[in-house]
Amino acid sequence: MGYLDANGHRTVTDAVAAAELETSGEIVTVIGDRSDEYNDIALLWAIAAAFTAMSVLALFPKFFLGLIDALMGGWTHEWTPGELFGILTAVGLLKFAGVWAIQLWQPLKFALVPGPVKSARVHAKAVKLFKVGAERRTHGRTGVLIYLSMREHRAEIVADQPIAEIVPAEVWGEAMADMLAEIRKGCVAEGMAAGVRDVGKVLSGEFPRAEDDQNELPDRLIEV
C-alpha cells in the first residue's frame, strides 16, 4: 500500500536533491509497509498456547473431565486412556487453531511480536535493501539508505563502508530523532525529509561535493 501521495513523494525527493547539492554522497530513501511477515512468531505463539492448554488439562484432569461430564448431562463417565488422549489432542489442536486464527488480524499479530525481534528484522531488511539498491553503486562508495518500516514503527540508516568508517553510527542519532519526531505526528513525508536534511549535513562535512560530481542514484522515494 502507498503511504504518501504525489505531494509527499515530491517533498522527500526535493529534500534528497537539495541535500546532494552539498555532498558527493548519494541518499536513497525507502518506505516499507513491513519488514517481515513474522509467521514464525505467530506459529510459536500458537504452539505455546496449545502446549499450555494441554499441560493444564494434564495437571488438573478431574476438574476438566468433570466439566465435560456436566456438559454431557451430568452422568459420570469412565474415561479410557484412548479417550483421554483424544481429548488432550483435540484441546491442543483447537487451541493452536484458535490462536493462529486470531493472529490473522494484523494489529494483534504485530503487537505480539517482541520489540527486539522487530528491531532485528527491520535492520536486516534495511541491510538487504541497501545491498540491492545502494551498496557499491556509486563511484566513491558513498551511498546512504534511509529506511522506514511503517508497521514496526522503526527506521534504519545504513551507509556504505567508506562512510561507516568515518561517521560513527551514533552520529545518525540526530537524524533519526528529527525524522521520528515528525512521523509520530503523522507527518511521514516531512519526517523523511528532515532525516534526509540531517544526513545531508553530516555527509557535506565529510564528503563535500566535487565539481565533477554526478548524480548516480535516483533521488525519488521508493515505496516497497
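Residues numbered from 1 in each chain as written. Predicted model: local features only at pLDDT ≥ 70, side-chain atom pairs only at ≥ 80, totals over all residues. Heavy atoms only, no water.

## Considerations on the UniProt feature "transmembrane region" (unreviewed entry) in the protein
Residues given the UniProt feature "transmembrane region" (unreviewed entry) here are residues 42-64 and 84-102. The distance separating the terminal C-alpha atoms of residues 84-102 is 27 Å; by composition the span is 100% helix and 0% strand. (UniProt positions renumbered as here; feature names shortened; annotations may be inferred. Helix = DSSP H or I, 4+ residues; strand = E, 2+ residues; numbered from the N terminus.)

## So, the sheet that holds strand 3 (residues 154-159)
Spatially, 3-2-1-4 is the arrangement adopted by the four strands of the open sheet, whose pairing is mixed. Every other strand in the sheet has two partners, leaving strand 3 and strand 4 (222-223) as the edge strands with one partner each. Judged from the two bridges that link them, strand 1 (residues 26-32) and strand 4 form a sheet pairing that is parallel. Counted as the bridge partner of V30 is I222 from strand 4. Relative to strand 3, helix 6 (residues 115-133) is tilted by about 40°, and along the sheet it contacts strand 1, strand 2 (143-149) and strand 3. Packed on one face of the sheet, helix 9 (residues 188-206) meets strand 1, strand 2 and strand 3 and runs near 155° to strand 1. (Pairing = 2+ DSSP bridges. Contact = heavy atoms within 4.5 Å. Axes fitted to C-alpha atoms, helices over the stretch in contact; angles between N-to-C directions.)

## Overview of helix 4 (residues 81-102)
Taking 1.5 Å per residue, 22 residues should reach 32 Å; helix 4 reaches 32 Å between its end C-alpha atoms and fits that length. Restricting attention to buried positions, one finds in helix 4 the residues I87, G92 and V99. The buried residues of helix 4 occupy an angular sector of 130° when the element is viewed end-on, so they sit on one face. The exposed set on the far side of helix 4, more than 90 degrees from its buried face, consists of G82, L93 and L94. (Expected span 1.5 Å × (residues − 1). Buried < 20%, exposed > 50% of the residue type's maximum accessible area, 1.4 Å probe, protein only. Arc of directions from axis to C-beta.)

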